[in-house]
Amino acid sequence: MLRLASPALLTLTAIALPQTALAQSIQTPLSGLAGPMHIDRLDESVFGPGWILITEAGSGNDDGAIRAFNVDTGESHIVVSDLPAVIAEGFPLGAAQAKFDDNGVLYVALSNVGAQPGSNGVLRFDPQSIGWSFNTPPMTLADATIIDVQTFSLTITNEPNLFDLELGDNGLLYILDAGANAILTYDQNTATFGVLVTLPSVPNNSGIGPPQSDPVPTALERAGDDLLISTLTGFPFNPGVATLYRVDPQGNLSVEYTGLSVITDVAVDPTDGDIAVAQFASFELPAGWNPNGGQVSKLTSAGLVPMATNLQFPTSVGYDAAGSIYTGSLTLGLLNKIVPGVLPYCEG
């Protein structure tokens, strides 16, 4: 993968689309982030209204972090700092996702960071027992209980790589292992692992690379009792072959949406149930990744409706409580907000 060096100015461009019910513009409420990954909307019971949680993978110098940001006031606090972080194929890799449960316990999915503690594991922080608050220093890896996922993952794949997690009911964790192309389960009450579902391979008809590509799941999102699963698809990253799946608690897999390309995240609008996805970039040989090929789109019965295009490596998409869309740029360290405006969509 290629790292992008120069930021681009955010501009607005109008385009005629058959679906023109939505109009958008871009704001950048936060910059200076270190490899922003997933974004999670927080329940008001955690810190109060307006807060989202941003997972920062870091810059490869063990500087990963979990940040709380208030979309209404602009207030920002580091919740966890100094998490393991490495550079893999030119991109930061480390903390991938963070979630607070109803009891205020924080769970962090840590990707493959080599031999460092917590690699391919879930870090469990209990701020109340630690005595952490906005007025104290951030929590660190030393404050976490490590759920060792890697040992179990190595029984089903040689290359585990945790990339997301989601909270189930009664202490159940859903864990996305991109290396295993599977969604795992972990029951905290019995300390037992399982495999909820393994995603099918994707036919590769490009004539380049193997006959089958890995599905490469990238993100989980609760949709009622079910989970939505976004996929990237592996090399050669063919356009239009990524799928958004749905899986129920029994592991029954179904197709939610097809014809997508290199999807890195999925989110459900809390106001109307609409689904949005982030496309990481576009890919062509021999040039490789087009850093300006990212976009955020809504999935509708009439087709894919772009909300923002020309984004640089968006790895996340999330909604606030009012239904505004947020997305982070992995390489530029930006948090962008896509808000109602006067244009059908916007270019970044």
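Here, every reference points to the structure presented above.
Calculation notes
Residues numbered from 1 in each chain as written. Predicted model: local features only at pLDDT ≥ 70, side-chain atom pairs only at ≥ 80, totals over all residues. Heavy atoms only, no water. Pairing = 2+ DSSP bridges. Helix = DSSP H or I, 4+ residues; strand = E, 2+ residues; numbered from the N terminus. Axes fitted to C-alpha atoms, helices over the stretch in contact; angles between N-to-C directions. Contact = heavy atoms within 4.5 Å. Phe/Tyr/Trp six-rings, centres within 6.5 Å; stacked < 30°, edge-to-face > 60°. Buried < 20%, exposed > 50% of the residue type's maximum accessible area, 1.4 Å probe, protein only. Salt bridge = Lys/Arg side-chain N within 4 Å of Asp/Glu carboxyl O. Core = buried A, V, L, I, M, F, W, Y, C linked by side-chain atoms within 4.5 Å. Patch = residues over 30% accessible without salt bridge, like charges linked within 9 Å, V, L, I, M, F, W, Y side chains within 5 Å. Areas by Shrake-Rupley, 256 points an atom, 1.4 Å probe, with all protein chains shown as cover.

### Examining the sheet that holds strand E10 (residues 121–125)
One open sheet accounts for 4 strands, arranged E8-E9-E10-E11; its pairing is antiparallel. Edge positions in the sheet fall to strand E8 (95–100) and strand E11 (145–147), since each has one partner strand and no second. Across the sheet, the mean angle from the axis of one strand to that of its neighbour is 25°, orientation sign disregarded.

### Some remarks on the environment of Thr258
Turning to its location among the elements, Thr258 is positioned in strand E21 (residues 253–260). With residues up to four places along the chain from it excluded, the contact list for Thr258 reads Ala242 and Thr243.

### Description of unusual backbone geometry
Cis rather than trans, the peptide bond between Phe235 and Pro236 has omega equal to 10°. With respect to the helices, strands and loops of the structure, Pro236 is situated in the loop between strand E19 (226–231) and strand E20 (242–247). For the bond from Leu285 to Pro286, the omega torsion is 5°, close enough to zero to count as cis. Relative to the helices and strands, Pro286 is located in the loop between strand E24 (282–284) and strand E25 (288–290).

### What about the packing of aromatic side chains?
Scanning all chains against the criterion turns up 17 aromatic pairs. Residues Tyr186 and Phe193 carry aromatic rings whose centres are separated by 4.5 Å and whose planes lie at 40° to one another, so their mutual orientation is tilted. Assessed through its relative accessible area of 11%, Tyr186 is described here as buried. Taking the relative accessible area as the measure of exposure, Phe193 reaches 24% and is therefore partly exposed. The structure contains a cluster of three or more aromatic residues connected by ring pairs, namely Phe91, Phe235, Phe237, Phe280, Phe283, Trp289 and Phe313.

### Some words on the pairing of strand E3 (residues 51–56)
Of all 6 residues in E3, 6 are buried; the element is thus mostly enclosed. Here E3 shows two buried faces, one formed by Trp51, Leu53 and Thr55 and the other by Ile52, Ile54 and Glu56. The pairing of strand E2 (residues 36–41) with E3 spans 4 bridges and is antiparallel. By the bridge assignment, Arg41 is partnered in E3 with Ile52. Strand direction decides the pairing type here: E3 and strand E4 (residues 64–70), joined by 6 bridges, are antiparallel. What sits directly across from Trp51, in E4, is Asn70.

### Considerations on the pattern of salt bridges
This model, assessed by the stated rule, comprises 8 salt bridges. Between Asp169 and Arg222 there is a salt bridge whose closest N-O contact spans 4.0 Å. Note that Asp169 is positioned in the loop between strand E12 (162–167) and strand E13 (172–177) and Arg222 in strand E18 (residues 217–223), a separation of 53 residues in sequence. Exposure remark for Asp169: the relative accessible area of 49% places this residue in the partly exposed category. One network of salt bridges, in which partners are shared, links Asp40, Lys99 and Glu166.

### Some words on the sheet that holds E19
Taken in spatial order, the 4 strands make up an open sheet running E18-E19-E20-E21, and their pairing is antiparallel. Edge positions in the sheet fall to E18 and E21, since each has one partner strand and no second. Each adjacent strand pair in this sheet contributes to an overall mean axis angle of 20°, direction not counted. With 6 bridges joining them, E18 and E19 adopt antiparallel strand pairing. The partner of Ala223 across the bridge, within E19, is Asp226.

### A closer look at the nonpolar core
Ile183, Leu220, Leu227, Ile229, Phe280, Trp289 and Phe313 are the most contacted members of the largest nonpolar core, which has 27 residues in total. Elements represented by at least two residues in this core include exactly strand E7 (91–93), E13, strand E15 (192–198), E19 and E20. Residues Leu83, Ala95, Phe100 and Leu106 belong to the second largest nonpolar core, which totals 19 residues.

### A few points about a nonpolar patch on the surface
Taken together, the side chains of Ile208, Phe235 and Leu285 define a hydrophobic patch exposed on the protein surface, amounting to about 260 Å² of accessible area. Among the secondary structure elements, Ile208 is positioned in the loop between strand E16 (202–203) and strand E17 (212–213). Ile208 gets classed as partly exposed once you look at its relative accessible area, which sits at 37%.

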